[in-house]
Amino acid sequence: MIPSELEAHLRDSRFIGAESHFDVRWLASTPSTMDVAAKLATDGARAGVVVVADEQTAGRGRRGNNWSSPPGAGLYLSFIARPKVDVLPLLTLAAGVAVRDGIVASTGLWPNLKWPNDLLVGRRKLAGILAEGLAIGSADQAVVIGVGINLQPASYPPDVSARATSLEGELGRAVDRGLVLVEVLAAIREQLAQLEQNPGDILQAWRASAPSAVGTRVEWDGRTGVTAGVDDSGALLVKTADRVERIISGELTWHLGT
Ligand code: BTN
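Because the structure is predicted, anything quoted here is derived from the model rather than measured.

Caption draft 1: Structural context of the sheet that holds strand β4 (residues 112–114). Strand order across the open sheet formed by 7 strands is β1-β2-β3-β7-β6-β5-β4, with mixed pairing between neighbours. Looking at strand neighbours, the two that pair on one side only are β1 (23–30) and β4, the edges of this open sheet. On average, adjacent strands in this sheet sit at an angle of 20 degrees to one another, irrespective of strand direction. Summarising the sheet, strand β3 (residues 74–81) and strand β7 (residues 142–150) pair through 8 bridges and their orientation is antiparallel.

Right under this line is the structure:
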């Protein structure tokens, strides 16, 4: 059963009747909302089904990392998208813009984006996004997009506190989890519609919120370069001594300014 404080927010007119794109499924505890949403998508669930958990016991991040998910300390959700094939590469950037917009609308805090889809305050990570494709290229293709937002400092282990932050830690006050949830969902709906109609706007919004995408020193595979923006397909451009590299995935070490 959806907790009453969340349900009150989901009675928002944007989530009722024909206006509602989302079908929110609440779980008190689950290993990972990614797996629950993937199973639903494989069984034919429509775009807009959202799985939200109070706690994850095996939350995961990109590149096999663990995503710490203690009860009530973060917002942990996965939603099903069924985008047209040609917008797939921009989907995670659209999700990043949406999560940022939802955080701005619900809290007034303005995080930055870092390629491909981290949300940072200064150099510290506030939220992350994970996209996992299912049956890509087939008629049934779907993408499960997972969003983890640190609400409280308790959402991450103390040993990463130099690299992580939370909404409540930044704002110095309690944050309404239900309000963050509905504003993030409303922004996701908006950005996914934008992605189908005008993908160029997604790129423009993403670039405007990602200062580190230009002029930041990065290292990868033993090489170094300086970021030179994101191209129209969503790839990161990195200028090395002799050329511009196009990076579409992989682990980068970022030397962020203050
Ligand atoms: C990252 O930055 O590495 C991505 C983190 C994604 C975490 C979210 S929490 C909800 C969903 N369920 C998971 O197991 N992971 C994603």
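From this point, the narrative continues.
Caption draft 2: Region of the structure containing the nonpolar core. Judged by nonpolar contacts, the single largest core of 61 residues is most densely connected at Phe79, Trp115, Ile149, Leu167 and Trp206. Take this core: its biggest share by element is 10 residues, from helix α3 (residues 88–107). Beyond its immediate chain neighbours, meaning those up to four positions away, Trp115 contacts Leu93, Trp206, Val230, Gly234, Ala235, Leu236, Ile247, Ile248, Ser249, Leu252 and Trp254. By size, the runner-up hydrophobic cluster in this structure holds 11 residues, among which are Ala41, Val49, Val51 and Ala142.

Caption draft 3: Representation of the side chain of Thr92. Looking at where Thr92 falls in the secondary structure, it is placed in helix α3. In contact with Thr92, not counting residues within four places along its chain, are Asn117 and Ala131.

Caption draft 4: Up close: the environment of Leu119. With respect to the element layout, Leu119 can be found in strand β5 (residues 118–121). For Leu119, a relative accessible area of 0% translates into the label buried. Beyond its immediate chain neighbours, meaning those up to four positions away, Leu119 contacts Gly96, Val99, Arg100, Ile103, Pro111, Asn112, Leu113, Arg124, Lys125, Leu126, Ala127 and Ile129.

What counts, and at which threshold
- Residues numbered from 1 in each chain as written.
- Predicted model: local features only at pLDDT ≥ 70, side-chain atom pairs only at ≥ 80, totals over all residues.
- Heavy atoms only, no water.
- Pairing = 2+ DSSP bridges.
- Helix = DSSP H or I, 4+ residues; strand = E, 2+ residues; numbered from the N terminus.
- Axes fitted to C-alpha atoms, helices over the stretch in contact; angles between N-to-C directions.
- Core = buried A, V, L, I, M, F, W, Y, C linked by side-chain atoms within 4.5 Å.
- Buried < 20%, exposed > 50% of the residue type's maximum accessible area, 1.4 Å probe, protein only.
- Contact = heavy atoms within 4.5 Å.

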